[in-house]
Amino acid sequence: MTHPLFRHAEFYITVNQLQGLPPTTGIEVAFAGRSNAGKSSAINTLVGRTRFAFVSKMPGRTQHINFFKLAEGRFMVDLPGYGYAQVPQAIREHWVHLLSSYLKTRQSLYGMVLIMDIRHPLTKLDLQMLDWFRQTGKPVHVLLTKADKLSKTRAREVLNEVRQFLSANYPHCTAQTFSSLKVEGVDEASELLQGWFDASQAAAEEQQ
């Protein structure tokens with residue numbers, strides 16, 4: 001059953017330039033990850049709709065920032081996949097500027113969900129994303145997707161290894177395993193995101 005947080009999720013806006021971003025009046029959680037790490041599938045699984053976020057057969061084709069409205073003032077933000085070699089250099093440079101600028105300067109951004117293929121976690125580009133975001137002091141939650149590709153024992157081993165690395169180098173980060181195919185890890189991720197939105201809303205109300 002879909003978590004109440006996503007019950008009324010709907011597409012809101014897509015932008016390809018920083019000046020096209022909507023006003024910073026709500027609370028945003030960004031989803032980022034390497035191309036082909038399973039980001040769109042993870043979003044679809046959380047929302048409980050097969051085609052909610054477009055799953056491209058050609059990784060790297062999603063070049064825009066897509067905003068999805070969850071409830072009044074709450075948004076899920078799907079960032080362009082990164083690290084796909086066949087994308088032209090000019091487009092890669094545009095993505096880097098768009099991604100880094102959004103992640104480092106967006107005031108309404110509460111935290112980031114970083115998607116990693118559990119078989120290839122903590123790549124150089126994943127670490128670059130963590131480094132970009134570290135200076136904001138905002139939380140990161142890592143979804144180790146495609147956990148069904150490994151045995152349960154090996155998946156737990158990788159999760160423990162990733163958690164130890166994050167604890168030592170990026171203490172603002174948490175991690176879990178996730179499988180869109182077997183719909184595993186959905187409740188844990190949904191509850192964490194609910195907590196993020198609630199905490200951000202409570203903090204905003206205190207400042208008023």
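These numbers were taken from a predicted model, which means no experiment stands behind them.

**Student:** Explain the overall build of the chain residue by residue, including any values.
**Tutor:** Secondary structure assignment for the chain yields 5 helices and 7 strands. Counting helices and strands in the order they occur from the N terminus, the chain gives β-β-α-β-β-α-β-α-β-α-β-α. Taken against the 2.2 N^0.38 rule, which gives 17 Å for 208 residues, the C-alpha radius of gyration of the chain at 16 Å falls within 12% of a compact globule. A total of 208 residues make up the chain; the buried ones form 48% of that total. Of the contacts made within the chain by residues no fewer than 6 positions apart, 75% connect residues no fewer than 24 positions apart. Here the chain has roughly 10500 Å² of accessible surface; of this, 50% comes from carbon and sulfur atoms. Between the averaged position of the 23 positive side-chain charges in the chain and that of its 18 negative side-chain charges there is a distance of 8 Å.

**Student:** Which residues make up the side chain of Ser108, and what values do they have?
**Tutor:** Structurally, Ser108 is set in the loop between α2 (89-105) and β5 (109-117). A distance of 3.3 Å separates a polar atom in the side chain of Ser108 from a polar atom in the side chain of Arg106.

**Student:** Provide a residue-level description of the packing of α2 against helix α3 (residues 124-134), including the pertinent values.
**Tutor:** Viewed as axis vectors pointing N to C, α2 and α3 meet at an angle of 40°, and their least axial separation amounts to 8 Å. Taken together, the axes of α2 and α3 are oblique relative to one another. In the packing of α2 onto α3, the handedness of the crossing is right-handed. The segment α2 lies against α3, with Val96, Leu99, Ser100, Leu103 and Lys104 engaging Met129, Trp132 and Phe133. Taken together, the residues that form the contact of α2 with α3 break down as 6 nonpolar, 1 polar and 1 charged.

About the criteria used
- Residues numbered from 1 in each chain as written.
- Predicted model: local features only at pLDDT ≥ 70, side-chain atom pairs only at ≥ 80, totals over all residues.
- Heavy atoms only, no water.
- Helix = DSSP H or I, 4+ residues; strand = E, 2+ residues; numbered from the N terminus.
- Rg over C-alpha atoms; globule rule 2.2 N^0.38 Å.
- Buried < 20%, exposed > 50% of the residue type's maximum accessible area, 1.4 Å probe, protein only.
- Contact = heavy atoms within 4.5 Å.
- Areas by Shrake-Rupley, 256 points an atom, 1.4 Å probe, with all protein chains shown as cover.
- Lys, Arg positive; Asp, Glu negative; His and termini not counted.
- Charge placed at Lys NZ, Arg CZ, Asp CG, Glu CD.
- Polar contact = N/O pair within 3.5 Å; in protein donor to acceptor, adjacent residues only side chain to side chain.
- Axes fitted to C-alpha atoms, helices over the stretch in contact; angles between N-to-C directions.
- Parallel < 35°, antiparallel > 145°, perpendicular 65-115°, else oblique.
- Left-handed = near helix turned anticlockwise from the far one by under 90°.
- Nonpolar A, V, L, I, M, F, W, Y, C, P; charged D, E, K, R; others polar.

Purely spatial values, then, with no claim about function.
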